[in-house]
Number of protein chains: 4
Amino acid sequence: MDAESLRLAERLLPSTYIKQASDADISRRTKIHQLLEKRKCPDEGWDDQTIEGLLIDLAKMDSNNFPANCGVGEREARIYSGLVAQRHYRLGHGIGRSGDISEVQPKAAGSSLLNKLTNAMVLDLIRRIGIRGTQACLVMPMATGMTVMMTLLSLRDSRPQAKYVLWPRIDQKSCLKSISTAGFEVVVVENVLEGDEIRTDVPALKEKVTSLGAENVAAVLTTTSCFAPRGVDRLEEVAKICKEHNIPHVVNNAYGIQSTKCLHHIQQAGRVGRVDAFIQSTDKNFLVPVGGAVVAGFDAHFIEHIGKMYPGRASVSPVLDLFITLLSMGVQGYTALMTQRSQHMEHLRLRMGEVATNLNLKLLQTKNNPISIGLALPEGAGTELGSQLFLRGVSGVRVVTPDQVKVVAGVTLKGWGAHHPNYPHAYLTAAAALGMTRTDVDTFMARLEKCLKKMSNKLKETRADVNEDGLENQ
Amino acid sequence: MDAESLRLAERLLPSTYIKQASDADISRRTKIHQLLEKRKCPDEGWDDQTIEGLLIDLAKMDSNNFPANCGVGEREARIYSGLVAQRHYRLGHGIGRSGDISEVQPKAAGSSLLNKLTNAMVLDLIRRIGIRGTQACLVMPMATGMTVMMTLLSLRDSRPQAKYVLWPRIDQKSCLKSISTAGFEVVVVENVLEGDEIRTDVPALKEKVTSLGAENVAAVLTTTSCFAPRGVDRLEEVAKICKEHNIPHVVNNAYGIQSTKCLHHIQQAGRVGRVDAFIQSTDKNFLVPVGGAVVAGFDAHFIEHIGKMYPGRASVSPVLDLFITLLSMGVQGYTALMTQRSQHMEHLRLRMGEVATNLNLKLLQTKNNPISIGLALPEGAGTELGSQLFLRGVSGVRVVTPDQVKVVAGVTLKGWGAHHPNYPHAYLTAAAALGMTRTDVDTFMARLEKCLKKMSNKLKETRADVNEDGLENQ
Amino acid sequence: MDAESLRLAERLLPSTYIKQASDADISRRTKIHQLLEKRKCPDEGWDDQTIEGLLIDLAKMDSNNFPANCGVGEREARIYSGLVAQRHYRLGHGIGRSGDISEVQPKAAGSSLLNKLTNAMVLDLIRRIGIRGTQACLVMPMATGMTVMMTLLSLRDSRPQAKYVLWPRIDQKSCLKSISTAGFEVVVVENVLEGDEIRTDVPALKEKVTSLGAENVAAVLTTTSCFAPRGVDRLEEVAKICKEHNIPHVVNNAYGIQSTKCLHHIQQAGRVGRVDAFIQSTDKNFLVPVGGAVVAGFDAHFIEHIGKMYPGRASVSPVLDLFITLLSMGVQGYTALMTQRSQHMEHLRLRMGEVATNLNLKLLQTKNNPISIGLALPEGAGTELGSQLFLRGVSGVRVVTPDQVKVVAGVTLKGWGAHHPNYPHAYLTAAAALGMTRTDVDTFMARLEKCLKKMSNKLKETRADVNEDGLENQ
Amino acid sequence: MDAESLRLAERLLPSTYIKQASDADISRRTKIHQLLEKRKCPDEGWDDQTIEGLLIDLAKMDSNNFPANCGVGEREARIYSGLVAQRHYRLGHGIGRSGDISEVQPKAAGSSLLNKLTNAMVLDLIRRIGIRGTQACLVMPMATGMTVMMTLLSLRDSRPQAKYVLWPRIDQKSCLKSISTAGFEVVVVENVLEGDEIRTDVPALKEKVTSLGAENVAAVLTTTSCFAPRGVDRLEEVAKICKEHNIPHVVNNAYGIQSTKCLHHIQQAGRVGRVDAFIQSTDKNFLVPVGGAVVAGFDAHFIEHIGKMYPGRASVSPVLDLFITLLSMGVQGYTALMTQRSQHMEHLRLRMGEVATNLNLKLLQTKNNPISIGLALPEGAGTELGSQLFLRGVSGVRVVTPDQVKVVAGVTLKGWGAHHPNYPHAYLTAAAALGMTRTDVDTFMARLEKCLKKMSNKLKETRADVNEDGLENQ
């Protein structure tokens, strides 16, 4: 209620009640003023009522919601279905203009404000939880793979002749496709084995730079978050090479925002070497539906440049989800989730260790993977175990058998799934990702143990077939 | 209620009431069965209750909503905020897999089904309203510009050496950027003037093919829907050239689905020549929020290929909006909207003609533009008129002065805004787009007439400055 | 957005966009200010966005939504389920205090304001559409029967010895029960037949007053809206008798707000005689879910007295429905519905007349019933016709056979259903009530004609049984 | 999705995914089948998705939602506003028929089923948490005061001559008004002081029965939950007297469902004596918005009789809130809340004891009040303390000064607020009610201690005035 409304309401209610309601509202208003003024993610999360009130107010600022608006353009944000209008809080114009995805839309002041505030909150959060040097970020209304592709495309005009992207191998299709669809040639840098763990082969990468010629390398694309037994890439060393040879360096930090270790490596790499952009998914890191990614970096100009390369407008929907979620969580809510995740990871490691000991299996030692963990499996156990777990409602576990070969985007990869051509074990991996509960860990372990025991006899004799695409059980 | 529930409810209610409720539900179920069986856009729109019931049922099929699910992957569609979960009907997994945007997700049977049904309904609708030969389509969760870019990128591997995109000029930035960001070189084919109207210069285009070498041309990018006085491109002739020279032909049909004329030209072009893909925005053609586009074509393989080029998953949100809207409209609802639009267009043309006569202005004759119409303005009237209308709550009107020069994506365009280097008039355009009402037309005309009269004296003496970006008044 | 927020937003957006958004919002604010200042039903309906924004603002004024509230009472409006909180816009405290249902709650300034505004809007609307002399009204969060009962109970303390309620017969159970549950003795005044029509027997009523002694009569309870062939009661004549003998007069105007005729009779009765209160349902008159009623009158003190008799708090839900609906309709929307209803009534009368002529049946002539109409049926047709129509999805039609006897609340009524002990025909009635469409009329007539024709042969031989409760077919 | 839909979906998705989704849905279906079959409150709460799905299915069973329905009655549950329709899940017909509030509506099978299931769940819950002998209950869509009134009215026809209601004093207005509005004469039975505690004067009550004549006593109305220092009434002894003298006994158990002590006393009273009905609020006991009450008893016939006395239909809204909430909580959720409440009560008692000790104040010893607790205040502290706490956002605390006199419903009560004409202390009370958190207790105590300290000097000199209505600070 505005001041005039409250004044008028005094004819209907005792002024003390109005006064008290007004006082109580000040704390809400103050939160909104601070958001607009400081453009930081609030420390403490907001209640849904405050968020919804703000969203309605923002929507009223868009021309399609102006009571007297008369639209004679081809794009007037008319919404046919009431269900659709409502689920978007009547925001219809999307974000960006034809010239720039981060540009303000004259017809949509509210959507534009929402977009700017969301970008600002994400930037603030990334800085506060670990990558202090971040200078800019952009919430992209498309998932990680597409955002990596857009980032690579944005490098092209400054290095028109460069056609190679150096890629320390990570067995995930989107990532490869983001390079090839962007029109670059993938140069695979196979990883090395250190104990159970798979790590970046830095000398091999350096050698590739030399042999191809730095000027022909469009970028190096490294990865932080990944499935064990692969560890986070040796970001700092790669960043140094990139700096030395003046090669762009893009980091696929898909679900690494949730891990202090990943954040730390990026911050350090940016400090000691070159990191042009690091990209992360919004769904995995911020618990929103799939559909957005954040591209961030240490050089605001390059991030802005990516925005300017984007042709046309885009959906506000992933931005809206993030806006609501960040306001609802606050920095405290987010860091609490990070802490819990870390505890669940330790719990998962402990429990998997116990199961390994009990069943005489090997827990893979991968200290450079902060999110997932692997358990070596008896020969032949893989596929059947995967489907057993699937039938028991376990989703997300990956079972890898080391003898797969796969061609993705024209690149042949031996040992597909294992990030290495000759990994010595079949194994399964499980992750302790953001939002997981302790109950999830315990339920998984119970189901896993049951399956493993049940199979232990069979396993000795049977060697299961592995289906062609069969890395992830679902 | 399932049959068992109804049976159990008979202990609580007279069976005749249960029977009647059950009978009434059959018509709803039948609609759903037909949708699943025929995969066609329903003739008649559905009520919201039926749509919501189906959405809840689909969401229940996704693993994040399984009561006993235990997720140990990195991507489990956990949603933090209740507001966010609810606005997406608890669909969290997005669409597509890392390998293909139209692939089914094992963790998300419901989302996958929703995606397939939406694609099928759009295909059916496009066929039934005019482009009968369409073989496949793909709803892309990104706007038109990005979808044009993805389509161009998808052409690259079959023509790796081709670097030019021939582009009959259309003064709209996204379109240019979709070519340049994709890494191609834009070859502008300037238009010719035919009376008031701006049309494709087919001989010039043919000459460019010859001079550059057909094998070096990645694609021709034509446009249907555009602002008057530019007309729809001469699609059939261009398509014939493309067929003859084996050059891919992409049609930017941004808001052309709403116009039978645009649909007709595409259908004909596909019949007599080559059209690889035609791309249209979901917001402008289907009255949903900005954020999606449909790429369709006469060759299912190529459309599938675009899907396979897409790196990673994507937001289900634009697909969901379309799903709801198509079910809500039905084919009858959509064609009714088309008919109304066409009537409003005639009304707009008539009323603008009257104003032109009254004020001694020239109505631009552009019979090849079925959606927008232009009115020549007295010299110097442009900018001020634009801001006058803006202040009066008119959105979407464009005021063009023919002396602008603009550099977009490295391409210099003289007469920016007019689609022609030397258009002889300043003018304004207004469009009768889908969802517009007769009241919108009348309100616009009243405000326009008022502004024009008010300015008529001033106009003789003043020559207004034109702001740098000033094509669209908002 | 408050002024300070807009000011702060100027650092993020061009001030002209902010200005335009702010200007557009003024029209919304002005509407709210006028509502608070004038406390009248708006002429023109509001859009949902404005209504929802206001509801959120009102909810913020209730203490359960104060961010820093700390509740140590037994009633703190805590809401367990998010679904429940949301559907009530987080209003939890209900309306009223233990002392008075219309009293302001200190803990719930917002709910109290909403309640006052709703009452004021209903009062304004009732005055403007016909009962100009209305002095006060109260939206009661319970249906018509309960509200009649509360009104009768409120009469008791001023006439402690009076134990009879005179009741011109209307065959509807709630009405009778509202008298007997209130502890009064029902005195039935049988109606008289005038042609086909059933009307109040005024001399008989006058005689009852004399024989029982006016001082022993607690009230006369008349009825306006009812099923044909009963007409609206002779309100003016009854009101004169009541005035003359100083007897309270309560009018059951259940669904009469929708009819100018009913409104007119109440207004006249209040002018020439005595009407203490007239009571109407919110669901039938205002198209909200069942659950509220409005008690209104020409003496504000008596209406307030009813409020003070109410023990305890009450649900805000029916009030909230009415608040939303009245804002959404506006006076114009409501009167448009009234006009349509009246047209549909004429259409129904015409079409039923045609069917009567075609099938050689008698259309009952009941010029004093503005809402429903009856068609005499061939002997024995009744019950079967009822169930035939029921099976064909016709709801609300009543089939009456004149030989029923029913005991309700201890009162024996001969000819139950017909409002008369010896009505000469079996008949069916259908109503043209608010919100009905012309399609409803046509569909009904088509289904009715089909059933009647089908039965015409059978009817000659069969005499259908009539079920015990069988007035309304559903 | 029904079986046929799943079968058809197999053409679009791999059957294993369909199978898994279908399996997952079985647990939901099973829950619904069990609810319909056993009609018990589920042990474990349901997720919102399952609840919403069921609500949509129930709504589809009501005739206003039948796709082909054609309504020609006066009450067809047409809903004007989409906002209103949605917030009621399109349930419009309310509950009950003119004959009986618990009767099934032919037009509304879904609403009727919802009503029956809610009543059954409440009955089951009441039995399981303590009053095992309960035979029937009825959720009434009106608050406690009205429900007490309806219960008293329902007693009248079996005891037409009885005009007195005996009332062990409880200083709460609704309760008194429920007697007087029902038309009975209140006979106050003043309480006695036992130490700090105020208890029922059983001999005085017995004496009243004798002096008035048992046959003239319509009922005794006792109270369980109340503000300290009043304790729960001596239910067992009163029940024995009622049984012996054949007098109806109604228990106002307003917020006693949340307390095992209150439940125990009712169960015992029903076992050893006579309890006709016990009535409780839905908002205070089940954390829903104000607006419903539950009347329950040991004799199903009497409870049904109350239902039959209700004139007309009623809002389904309070029933719907309870339906959602009970499904969402489950018995486990409810008992967990009870346990927490009990712990918070102990915490509150402990903390108030500490403050009393520190400030040299007296904590009132009231072992028979399980929900609230009192702290004696220095003379003159009352009113100012109340407003100080109000200003600090403490709601619900009551400050009582023992010298008030109040006339309610014609009854003069000395010492109003204290339930006793001469209570020896001024005091404040605070309650630990269901849904309170430990943080609430701590925040309250901190604010209270601050206020008390601040006032300690002032208090010696000032004697504050007490406003007329000033028992509850808000």
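Note: the structure precedes this text.
Remember, it's a predicted structure, so these values are computed and weren't measured experimentally.

**Digging into the overall build of chain A**
Now for step 1: Helix and strand counts for chain A stand at 15 helices and 16 strands.
Now for step 2: Against the 2.2 N^0.38 benchmark of 23 Å for 474 residues, chain A shows a C-alpha radius of gyration of 25 Å, consistent with a compact globule.
Now for step 3: Taken over the C-alpha atoms alone, chain A extends approximately 85 × 55 × 40 Å along its principal axes.
Now for step 4: Within chain A, buried positions represent 70% of all 474 residues.
Now for step 5: Across chain A, contacts joining residues at least 24 apart in sequence account for 74% of those joining residues at least 6 apart.
Now for step 6: Only carbon and sulfur atoms are counted for the fraction: they give 48% of the accessible area of chain A, which is about 15000 Å².

**Here we look at the packing of aromatic side chains**
Now for step 1: Applying the stated rule across the entire model yields 16 aromatic pairs over all chains.
Now for step 2: Ring centres 6.3 Å apart and planes at 55° place the aromatic pair Phe-227 of chain A and Tyr-255 of chain A in the tilted group. Placement of the pair is Phe-227 of chain A in the loop between β7 (217-223) and α9 (235-245) and Tyr-255 of chain A in the loop between β8 (249-252) and α10 (260-272), with a sequence separation of 28 residues. Here Phe-227 of chain A matches Tyr-255 of chain A in class, with each residue buried.
Now for step 3: Aromatic side chains Phe-278 of chain D and Phe-298 of chain D sit 5.6 Å apart centroid to centroid with 45° between the ring planes, which places their arrangement in the tilted category. Residue Phe-278 of chain D is located in strand β9 (residues 277-281), and its partner Phe-298 of chain D is located in the loop between β10 (293-297) and α12 (300-309); the two are separated by 20 residues in the primary sequence.
Now for step 4: Over the ring of Phe-184 of chain A we find Arg-156 of chain A; its NZ or CZ atom is 4.9 Å from the centre of that ring.

**Remarks on the interface of chain A and chain B**
Now for step 1: Residue-level contacts link 93 residues of chain A with 93 residues of chain B.
Now for step 2: Taking both partners together, chain A and chain B bury about 7600 Å²; carbon and sulfur atoms supply 58% of that area.
Now for step 3: Counting across the chain A and chain B interface gives 6 salt bridges.
Now for step 4: Between Asp-440 of chain A and Arg-78 of chain B there is a salt bridge, and its shortest N-O distance comes to 3.9 Å.
Now for step 5: Here the element with the most residues in the side of chain A that touches chain B is helix α13 (residues 317-359) of chain A; it accounts for 8 residues.
Now for step 6: Here the side of chain A that touches chain B is composed, by residue class, of 42 nonpolar, 28 polar and 23 charged.
Now for step 7: Bridge count for strand β1 (residues 70-71) of chain A against strand β12 (residues 394-395) of chain B is 2 bridges, and the pairing is parallel. Looking at β12 of chain B, one finds that Cys-70 of chain A is bridged to Val-394 of chain B.

Reading the values: rules and limits
Residues numbered from 1 in each chain as written. Chains lettered and ligands numbered in written order. Predicted model: local features only at pLDDT ≥ 70, side-chain atom pairs only at ≥ 80, totals over all residues. Heavy atoms only, no water. Helix = DSSP H or I, 4+ residues; strand = E, 2+ residues; numbered from the N terminus. Rg over C-alpha atoms; globule rule 2.2 N^0.38 Å. Buried < 20%, exposed > 50% of the residue type's maximum accessible area, 1.4 Å probe, protein only. Contact = heavy atoms within 4.5 Å. Areas by Shrake-Rupley, 256 points an atom, 1.4 Å probe, with all protein chains shown as cover. Phe/Tyr/Trp six-rings, centres within 6.5 Å; stacked < 30°, edge-to-face > 60°. Lys NZ or Arg CZ within 6 Å of the ring centre and 35° of its normal. Buried area = accessible area lost by both parts, 1.4 Å probe. Salt bridge = Lys/Arg side-chain N within 4 Å of Asp/Glu carboxyl O. Nonpolar A, V, L, I, M, F, W, Y, C, P; charged D, E, K, R; others polar. Pairing = 2+ DSSP bridges.

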